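Take a look at the letters that make up each chain.
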Amino acid sequence: MSRWRYFFKRLLLAVPILFSVMTFLFIILRKGPLDPVAARLGPQASGADASRLREQLGLNEPLWDQYIRFMTDLITFSGESWVTRAGQPVAEAIASTVQVTVWLGFWAILLPLFIGIPLGFYAGLRPNTIGDYVASVSGILWLAMPNFWLAVMALAILRRTRGGWFGFDWYTIGPDISSLVGQSPSLAFDSLQGVLVDIKLILPAAIILGSASMAAELRIGRTAILESINAKYVETAKAKGLKSRTIVWKHIFRNALIPLIPIITNEAFILIGGSVIVETVFSINGLGRLYFLAITQADLPLAGSIVFLFTLLIVFLNVLQDFLYTVVDPRVGVNNE
Amino acid sequence: MLSLMGGGAAASLAGCSAFLDSGGDGTTTSSGTGDVSLDASQWADQAQEAWETVVDNPGPDAQETRNEAYLDIEEAVRNSVIVLNFMHDFSERFWYDYVDVPKIGALGQSFQQLNTVELTNGDTELNRTNSTHAHVDPIESDDEASSTVITQIYEPLVTYPNGVPEMENQLIEGFELSEDQTTYTFNLKEGVQFHESGEMTADDVVYSWRRMTESENSVRANFMLSSPDGVGAVHETDDEGNVVPGSLAVEAVDDYTVELEVRNPNPAVMDVLTYTAFSIIPEGKVGDVEGYEGEVAHQDFRVTATDGTGPFEMDTFEIDNEVRLTTFEDYHDEVASVDSVHFAIIEDPEALFTYAVEQNADIFGIPTSYYDPSKIDASADDRGRDVGTYGELENGETVNYLGLPELVTRYFGFNAGNVPIEVRQAFAYVLNQQEIVDDVFAGRGVPAYSFTPPGIWPTGQDGYEEFQDSYPFSPNETDIDGAREVLESAGYTEDDPFEITCTTYVSNTYQDAAGLLRDKLSGNGVEMELEEAQFGTLVSRGYEGNLEMYSLGWGWSWESVAYGHFGFEPKNTDTSGMPADNNGYYLDWHTELSENSDS
């Protein structure tokens, strides 16, 4: 089987997954206890206004028709939000929030990669030394602290730096910012200064969001190194007289990466859920918060579209994961004849 | 001819000295504790009869009859404990020293137009925070967040300036009321300019009010159509119950005169007209009224293509992120001294507090987790508001402070079909209002002994105190003996308890408040379970009638006792007719009417 046929098959497999996820969501939201009309109008609404809105949202049509309309709207990313962004086209609502979440997610994945993995490898190459203990223990501590608490603490500490309490003023280090919260990155990428401001605005949130995965990468990285370092091929390489630098980079490193790949790709999935809390505390107008509001207010079109997007993303990440495997580990998958 | 009187119903009632004997049929004692009739149908009948009296006696000369009926309803609600009122809201506002802002009144900050605010530190932009809202279309607005912004852009004919309950003209010079009290003739101000569309005339008023009743986008058409919990305007409906386009009895007599015809004399008409949905927009602006093409798409009108007569124009509107308004230079009244107003959309308490102590918000609230009552140094003013300072904040600043009771009542409601009167009264016996306010809400509330808040009590302050003194269920103490007694009379004991589920918002505070009641009744004949539900779920389960006990609040959008009491009419609480035919509270109180009870 060629590499491309393999990917094509993976993509085809994703179609029924998408389909059943969407159907499931439709059933939960339409047949569950949440009522979008009640959520939108509140307790002071009159019956006439409520039934008119019900009619307007098409909730009186047969369920089958509603289902077909829901699915068509999803696939074409059309349709309007019912409650959360009442009346706004779904595509517009998502477009206005997705950028900042991607920006947040990007840094929340990147920072741990460049901190967690090197630290893990460092600890793994020097097992049972002081450096190993420090790295491992701080990794576990970091993992143990919940995101919402970290976020609240970060705000409490950073906003007190204005008077120079801790010897620095976060507001004026690097580019100036006026507030820790509610400041959306512009993401214009038109000047270095602008990009720096955008990074600074998202940095505390990104570090906190990535904290759990940073610790996970550290620990798995350490174990992976420890396993490879005692492998036979390393001994062989040593016996061949290779420089230890070459052994580490060419043999140990690449093999230690294999168990890390699913960790990293799965992180992207965790970040989507985790971003709800961090986006709320830092008042970042992102997709996580929008999704939370939509799902709790029975905003079927909006919640559906976001889940659809998430599912697409996860399917894509799974494919990417397979692809990375084939790059890192030539034994995987493509040739099983 | 009547000139416009400020304050509407409550102001004219405040002077009413005749306190009407409570107890519609004279069977109650008001001695303090015990002996409240357990005949549930007596109370339901009393409420039904009283509401019918209110509806049948709409004229201004029948004020006393109505007041008597309002008291009967309050008494029936209290004594049958169909809802258990525990707190009126107490709202607090803080602002930095460089902000000069008028004090707000009991109707809330959403009535305050910000052109009256001055900044003495040289800043040209006033910074505030707001909750999330998806639009600024007056007829779609049903929440405080959007109406706070709408008030800056659009104006109704009359208003309560700064939310102080004294009505003033906004877009009219005055109005006349016909002999039979069913025709209102409004004389519009001349020279009022829209932001985009030139001078406001009578046709704009007719169009705006038609749009409010006819448009499919309107969520509060009932405020124009129904009575007495609305204006009760004359109109025709088609077979499906929709308003026939153009049938609303609003007419432009000439450029500056508008006539409105109501079905019955109704003292609350002018008060209702202060509601944001009655704001005036230019004729033909949006095409959701029959006969109009619409100059802008509704999709744009509701966010950025705004066009009103208010002191500010829309500049930026990013949903869930920020709103910026700029000053309208041709405003018909005092032009704002600031150049712009910025609302950051922030809801999380941690973020709100951070934003405030960074001095990014000039006027703000303090989340309960950061609130310390001992930092308040305030004294009461002539309107019963606490005025003073609060401090220091974390940033070393001492800020201005305003605290005032609002027209909001928090209660636990019971579904009469699921919870018998004995159990409901047991809850009333163990309820300690002051304890809930102090321990659960950090003192940020006013203990409630009635549904209608003291600020708009039909028989004034003395009448309210008299009603409060007659509270029969051991106010502000935990009367476990009283509860046991009434439960035993219905056969509920420790060994054979009544089981009940209390559903609250997803909120620690409401769970805590309900938890207090649970702990007191546990082992005494009632075993209670707590559950949380999202607001929308709570409401739709209310419609279905399968709530047993639930927490909700009611806020008065204008000063009118009827606007709270209509929801207690037992026949209107029949959840089987919700939401289509009935819009009462989710009580199923009709099951206790003597015409429906089996015995």
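Small disclaimer: the values here were computed from a predicted structure and weren't measured.

Visitor: Give a description of the overall build of chain A that names residues and reports values.
Guide: Scanning chain A from N- to C-terminus turns up 14 helices and 0 strands. Starting at the N terminus, the α and β elements of chain A follow one another as α-α-α-α-α-α-α-α-α-α-α-α-α-α. Summarising its shape, the C-alpha atoms of chain A cover approximately 85 × 65 × 40 Å along the three principal directions. Looking at chain A as a whole, 48% of its 337 residues qualify as buried. Treating the 27 positive side-chain charges of chain A as one cloud and the 22 negative ones as another, the clouds have centres 11 Å apart.

Visitor: Can you lay out the interface of chain A and chain B for me, pointing to particular residues and giving the numbers?
Guide: Counting residues at the interface gives 45 residues for chain A, matched by 46 residues for chain B. In this assembly, chain A packs against chain B so that about 3,900 Å² is buried in total across both faces, 47% of it on carbon and sulfur atoms. We note a salt bridge from A:R160 to B:E394, for which the minimum N-O separation is 3.4 Å. The interface formed by chain A and chain B holds 15 residue pairs in polar contact (both at pLDDT 80 or more) in total. Elements that contribute at least two residues to the side of chain A that touches chain B include exactly α2 (36–41), α3 (47–56), α7 (147–160), α12 (260–281) and α13 (287–296) of chain A. With 6 residues, α3(A) is the single largest residue contributor to the side of chain A that touches chain B. Its residues assigned to classes, the side of chain A that touches chain B comprises 18 nonpolar, 17 polar and 10 charged.

Visitor: Go over unusual backbone geometry, please, and point to the residues and values.
Guide: The amide bond that connects B:G391 to the next residue, B:E392, takes the cis arrangement and shows omega of 0°. Along the chain, B:E392 falls in the loop between β16 (386–390) and β17 (399–414). Positive phi outside glycine occurs at A:F77, with the angle close to 50°. With respect to the element layout, A:F77 can be found in the loop between α4 (63–76) and α5 (90–125). Taking relative accessible area as the criterion, A:F77 reaches 25% and is therefore assigned partly exposed. Here the phi dihedral of B:Q181 falls at roughly 60°; this positive angle occurs in a residue that is not glycine. In this structure, B:Q181 sits in the loop between β7 (172–177) and β8 (183–188). A relative accessible area of 24% means that B:Q181 is categorised as partly exposed.

Visitor: Kindly report on helix α14 (residues 508–521) of chain B, identifying the contributing residues and their values.
Guide: Residues and elements named next belong to chain B. For α14, with 14 residues, the first-to-last C-alpha span of 20 Å sits near the 20 Å given by 1.5 Å per residue. Among the residues of α14, those classed as buried are Y510, Q511, A513, A514, G515, L517, K520 and L521. One or two steps after α14, the chain reaches G523, where phi turns positive at roughly 85°.

Visitor: Run through the packing of α5(A) against helix α8 (residues 192–209) of chain A, naming residues and quoting values.
Guide: Residues and elements named next belong to chain A. At their nearest, the axes of α5 and α8 sit 8 Å apart, and the two run at 60° to each other. With respect to their mutual orientation, α5 and α8 come out oblique. As α5 runs across α8, the sense of the crossing is right-handed. Every residue of α8 that contacts α5 at V100, W103, L104, W107, A108 and L111 is listed here: D198, I199, I202, L203, A205, A206, I207 and L209. Tallied by class, residues from the contact of α5 with α8 come to 13 nonpolar, no polar and 1 charged.

Visitor: How would you summarise the pairing of strand β20 (residues 526–532) of chain B if you had to cite specific residues and measurements?
Guide: Residues and elements named next belong to chain B. Relative to β20, strand β19 (residues 498–504) is paired through 7 bridges, and the arrangement is parallel. Each residue of the ladder has a partner; that of T501, found in β20, is E529. Between the parallel elements β19 and β20, the chain passes through α14 in a crossover that is right-handed.

Visitor: Which residues make up the nonpolar core, and what values go with them?
Guide: With 126 residues, the main nonpolar core has B:F186, B:W209, B:F427 and B:W589 as its most contacted residues. With residues up to four places along the chain from it excluded, the contact list for B:W209 reads B:L157, B:F186, B:M224, B:L248, B:V250, B:L260, B:L273, B:F278 and B:I280. Counting 80 residues, the second-largest nonpolar core is a separate cluster that includes A:L111, A:V181, B:M314 and B:V341.

Visitor: So what's going on with the sheet that holds strand β13 (residues 340–345) of chain B? Residues and values would help.
Guide: Strand pairing within a sheet occurs via backbone hydrogen bonds; the two strands may be parallel or antiparallel. All names here are of chain B. Across the sheet, 4 strands lie side by side as β4-β13-β12-β11; this open sheet has mixed pairing. Edge positions in the sheet fall to β4 (125–130) and β11 (312–318), since each of these pairs with one other strand and no more. Each strand axis lies, on average, 20° off the axis of its neighbour in the sheet, ignoring direction.

Visitor: Please provide a residue-by-residue account of the packing of aromatic side chains, values included.
Guide: Residues and elements named next belong to chain B. Inspection of every chain in the model, using the stated rule, returns 55 aromatic pairs over all chains. With centroids separated by 4.9 Å and ring planes inclined at 45°, the aromatic side chains of W457 and F467 adopt a geometry described as tilted. Note that W457 is positioned in the loop between β18 (445–447) and α12 (460–469) and F467 in helix α12, a separation of 10 residues in sequence. Judged by its relative accessible area of 3%, W457 falls in the buried class. Looking at R78, its charged tip hangs above the ring of F467, at a distance of 4.3 Å from the centre.

Reading the values: the criteria
Residues numbered from 1 in each chain as written. Chains lettered and ligands numbered in written order. Predicted model: local features only at pLDDT ≥ 70, side-chain atom pairs only at ≥ 80, totals over all residues. Heavy atoms only, no water. Helix = DSSP H or I, 4+ residues; strand = E, 2+ residues; numbered from the N terminus. Buried < 20%, exposed > 50% of the residue type's maximum accessible area, 1.4 Å probe, protein only. Lys, Arg positive; Asp, Glu negative; His and termini not counted. Charge placed at Lys NZ, Arg CZ, Asp CG, Glu CD. Contact = heavy atoms within 4.5 Å. Buried area = accessible area lost by both parts, 1.4 Å probe. Salt bridge = Lys/Arg side-chain N within 4 Å of Asp/Glu carboxyl O. Polar contact = N/O pair within 3.5 Å; in protein donor to acceptor, adjacent residues only side chain to side chain. Nonpolar A, V, L, I, M, F, W, Y, C, P; charged D, E, K, R; others polar. Expected span 1.5 Å × (residues − 1). Axes fitted to C-alpha atoms, helices over the stretch in contact; angles between N-to-C directions. Parallel < 35°, antiparallel > 145°, perpendicular 65-115°, else oblique. Left-handed = near helix turned anticlockwise from the far one by under 90°. Pairing = 2+ DSSP bridges. Right-handed = clockwise from strand over helix to strand, strands pointing away. Core = buried A, V, L, I, M, F, W, Y, C linked by side-chain atoms within 4.5 Å. Phe/Tyr/Trp six-rings, centres within 6.5 Å; stacked < 30°, edge-to-face > 60°. Lys NZ or Arg CZ within 6 Å of the ring centre and 35° of its normal.

Honestly, that's just the spatial picture; any functional story needs more than this.
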